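What follows is each chain in one-letter form.
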Amino acid sequence: MKLIILVAVALAAVAVAAPPEPIKILRSDFKQDPAGSYNFDFETENGIVRSEVGELKEALDEENKPHPVVVVRGSYSYTDEEGKPQSITYFADETGYHAEGDSIPKVPARR
């Protein structure tokens with residue numbers, strides 16, 4: 001009887017420790033221009049959606065010399081732990097990464 005209980009507990013532990021099923025990708029597109037620009041989109045079965053565009057731009061460095069940079073704009077959305085849909089838009093350029101969305105903390109206004 002103890003052996004049966006031990007085997008049942010061991011099987012339950014293995015079932016609990018099994019890795020979850022991977023999330024399926026429903027759609028995925030990627031295009032890249034030889035000059036350096038690109039765009040991609042994807043969507044997963046659990047509702048994650050992402051879209052991004054990168055474009056080549058010329059910017060000035062610290063010595064005011066021009067150099068190419070990739071400017072990125074995009075968005076993603078998902079459902080948070082509380083079941084609330086979240087949507088984030090962002091861009092990144094020579095000034096850094098900038099994101100906006102309800103779940104992104106806001107910088108308090110100066111008085």
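- Going by what an unreviewed UniProt entry lists, the protein chain is known as Cuticle protein 4 and is assigned to Lonomia obliqua.

## Remarks on the packing of aromatic side chains
So, step 1. All told, the structure shown has 6 aromatic pairs when counted by the stated rule.
So, step 2. Judged by centre distance (6.5 Å) and plane angle (5°), the rings of Phe40 and Phe42 are stacked.
So, step 3. Within the aromatic cluster, the residues linked to one another by ring pairs are Phe30, Tyr38, Phe40 and Phe42.
So, step 4. Directly above the aromatic system of Phe91 lies the positively charged group of Arg73, at a separation of 5.1 Å from the ring centroid.

## Some words on the pairing of strand S5 (residues 85–93)
So, step 1. One ladder, built from 8 bridges, connects strand S4 (residues 66–79) with S5; its direction is antiparallel. Along S5, the bridge assignment pairs Tyr78 with Gln86.
So, step 2. Counting the residues in the hairpin turn of S4 and S5 gives 5 residues, including Gly83, whose phi is positive at 85°.
So, step 3. Examined bridge by bridge, S5 and strand S6 (residues 96–100) share 5 bridges and lie antiparallel to one another. Considered in S6, the bridge of Tyr90 is made with Ala99.

## Some words on the sheet that holds S5
So, step 1. Strand order in the open sheet formed by 6 strands is S1-S2-S3-S4-S5-S6, with antiparallel pairing between adjacent strands. Lying at the two open borders of the sheet, with one neighbouring strand each, are strand S1 (25–32) and S6. For this sheet the average axis-to-axis angle between neighbouring strands, irrespective of direction, equals 15°.
So, step 2. By the bridge criterion, 12 bridges tie strand S3 (residues 49–60) to S4 in an arrangement that is antiparallel. Bridge pairing in S4 links Ala59 to His67.

## Regarding unusual backbone geometry
So, step 1. Positive phi, normally seen in glycine, also occurs at Asn64, with a value near 60°.
So, step 2. Taking relative accessible area as the criterion, Asn64 reaches 58% and is therefore assigned exposed.

## Quick notes on the pairing of strand S2 (residues 38–44)
So, step 1. Relative to S2, S1 runs antiparallel, the two being bridged by 7 bridges. Within the sheet, the bridge partner assigned to Ser28 lies in S2 and is Phe42.
So, step 2. Between S1 and S2, which pair antiparallel one after the other, the connecting turn spans 5 residues, and Gly36 there sits at a positive phi close to 120°.
So, step 3. As paired elements, S2 and S3 share 6 bridges and run antiparallel to each other. Residue pairing across strands places Phe40 opposite Glu52, the latter belonging to S3.
So, step 4. Hairpin connection, S2 to S3: the antiparallel pair is bridged by 4 residues, and Gly47 has positive phi, about 95°.

Reading the values: the criteria
- Residues numbered from 1 in each chain as written.
- Predicted model: local features only at pLDDT ≥ 70, side-chain atom pairs only at ≥ 80, totals over all residues.
- Heavy atoms only, no water.
- Phe/Tyr/Trp six-rings, centres within 6.5 Å; stacked < 30°, edge-to-face > 60°.
- Lys NZ or Arg CZ within 6 Å of the ring centre and 35° of its normal.
- Pairing = 2+ DSSP bridges.
- Helix = DSSP H or I, 4+ residues; strand = E, 2+ residues; numbered from the N terminus.
- Axes fitted to C-alpha atoms, helices over the stretch in contact; angles between N-to-C directions.
- Buried < 20%, exposed > 50% of the residue type's maximum accessible area, 1.4 Å probe, protein only.

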